[in-house]
Amino acid sequence: MNTQRPSNTFRQPPRPRQPHPSSYRSQPPGRWRQFRSYVQQRPLLERVYRFLLKTFLVLFLGSIGYVILLKYVPVWVTPLMVSRWVDSLRTDEPSKLYKDWRPYDEISKEAALAVVASEDQQFPTHWGFDFEGIQEAIRENQHRKRPRGASTISQQVAKNVFLWNGRSYIRKGLEVYFTVLIELIWGKKRILEVYLNVAETGPMTFGVEAASQRFYRHPANSLTRDEAARIAAVLPNPRLFSIKNPSSYIQRRTRWISRQMRRLGGQRYIRNL
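Attention here is on the structure that accompanies the text. (Residues numbered from 1 in each chain as written. Predicted model: local features only at pLDDT ≥ 70, side-chain atom pairs only at ≥ 80, totals over all residues. Heavy atoms only, no water.)

### Things to note about the overall build of the protein
- Broken down by element type, the protein carries twelve helices and three strands.
- Each of the 273 residues in the protein was classed as buried or not, and the buried ones make up 37%.
- At a minimum sequence separation of 6, the contacts of the protein that also span at least 24 residues come to 68%.
- Carbon and sulfur atoms make up 55% of the accessible area of the protein, which totals about 18,400 Å². (Helix = DSSP H or I, 4+ residues; strand = E, 2+ residues; numbered from the N terminus. Buried < 20%, exposed > 50% of the residue type's maximum accessible area, 1.4 Å probe, protein only. Contact = heavy atoms within 4.5 Å. Areas by Shrake-Rupley, 256 points an atom, 1.4 Å probe, with all protein chains shown as cover.)

Right, here's the structure in full:
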């Protein structure tokens, strides 16, 4: 009897061949490596590259720090205020700026509701951009002589507080950037507080407190619904429209804003910002 164990008829699978190290060298480098190699071979270009990179990082981190600071510090001056003051020096118009910062709790909630009803009814729920409003404005502007904007209150605050006047793709891109920042860092209540204090409400007049004192002769914490609605009515063009001497258009717009304030449910609509 043969006691020898049968041989194993199963063979091990062949090991995959490892690529030779030289084969790695034959692969073309990535675009980033090519760019870095190109820059490193040119000392002047490398210095410019490092300078631009450091400048970008400083501006990026500085913008975030500035937004955080303005969450707690009153916004005493904006680029628009400076621009209006400089323009007044070139003409015979008075150069005095009317502005008076007031905390959100010291401003009538009728004023807060009025600007929301007039400028941005989706303000409590959107994340800085009203995409439905943008699409509607695009459709309407195809048949309008004067294009209608669709900027939210958040976008207007970002534009007025951080940016210069004018129209360009760079400025629009920065507006989007700062809108996202203030939505994330400030929150709705702070955004509305800043808007109520820096929005242009008349010639050389900024904020609802200054407008209330100048045109109604009393503080903003006692604004009535009709008074607040009239302030909001002139916001599209406060240098053309007047709070003190409202035109028939402003009177109609004031009544429309008052109806919208009631339709939204009154001050309850902005109670939980």
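### Points about the packing of helix 7 (residues 153-162) against helix 9 (residues 188-198)
- Close contact between helix 7 and helix 9 brings their axes to 10 Å; oriented N to C, the two are set at 55°. When the axes of helix 7 and helix 9 are compared, the pair comes out oblique. Classified by chirality, the crossing of helix 9 by helix 7 is left-handed. Residues Ile153, Ser154, Gln156, Val157 and Val161 of helix 7 pack against Lys188, Ile191, Leu192, Val194, Tyr195 and Val198 of helix 9.
- Among the residues forming the contact of helix 7 with helix 9, the class breakdown is eight nonpolar, two polar and one charged. (Axes fitted to C-alpha atoms, helices over the stretch in contact; angles between N-to-C directions. Parallel < 35°, antiparallel > 145°, perpendicular 65-115°, else oblique. Left-handed = near helix turned anticlockwise from the far one by under 90°. Nonpolar A, V, L, I, M, F, W, Y, C, P; charged D, E, K, R; others polar.)

### Here's the deal with the side chain of Ser212
- Looking at the secondary structure, you find Ser212 in helix 10 (residues 208-216).
- On the basis of relative accessibility, which here comes to 0%, the residue Ser212 falls in the buried class.
- In contact with Ser212, not counting residues within four places along its chain, are Arg217, His218, Pro219, Ala220 and Leu223.

### Things to note about the packing of aromatic side chains
- Applying the stated criterion across every chain yields a total of eight aromatic pairs.
- Summarising the aromatic geometry, the rings of Tyr177 and Phe178 are spaced 5.2 Å apart at their centres and angled 70° between planes, so their arrangement reads as edge-to-face.
- On the basis of relative accessible area, Tyr177 is assigned to the partly exposed category, the value being 24%.
- Given the relative accessible area of 10%, Phe178 is considered buried.
- Ring centres of Phe241 and Tyr249 lie 5.4 Å apart, and the angle between their planes is 40°; on these two criteria the pair is classed as tilted.
- Above the ring of Trp186, the side-chain terminus of Arg190 is found at 5.9 Å from the ring centroid.
- The residue whose ring lies beneath Arg214 is Tyr98, and the NZ or CZ to ring-centre distance is 4.0 Å. (Phe/Tyr/Trp six-rings, centres within 6.5 Å; stacked < 30°, edge-to-face > 60°. Lys NZ or Arg CZ within 6 Å of the ring centre and 35° of its normal.)

### Some details on helix 11 (residues 225-233)
- Within the span of helix 11, buried status applies to Glu227, Ala228, Ala229, Ile231, Ala232 and Ala233.
- Contacts made by the buried residues of helix 11 are with helix 5 (109-119), strand 2 (200-202), helix 10 and helix 12 (248-263).

### Let's talk about a nonpolar patch on the surface
- A surface patch of nonpolar side chains, amounting to about 790 Å² of accessible area, comprises Tyr66, Ile68, Leu69, Tyr72, Val73, Trp76, Val77 and Val82.
- Here the nonpolar patch takes three residues from helix 3 (residues 43-70), the largest share from any one element.
- Inspection of the secondary structure puts Leu69 in helix 3.
- Overall, Leu69 belongs to the partly exposed group, its relative accessible area being 45%. (Patch = residues over 30% accessible without salt bridge, like charges linked within 9 Å, V, L, I, M, F, W, Y side chains within 5 Å. Salt bridge = Lys/Arg side-chain N within 4 Å of Asp/Glu carboxyl O.)

### Section: the sheet that holds strand 1 (residues 98-99)
- Ordered in space as 1-3-2, the three strands form an open sheet in which the pairing is mixed. A single partner strand is all that each edge strand has here, and the edge strands are strand 1 and strand 2. (Pairing = 2+ DSSP bridges.)

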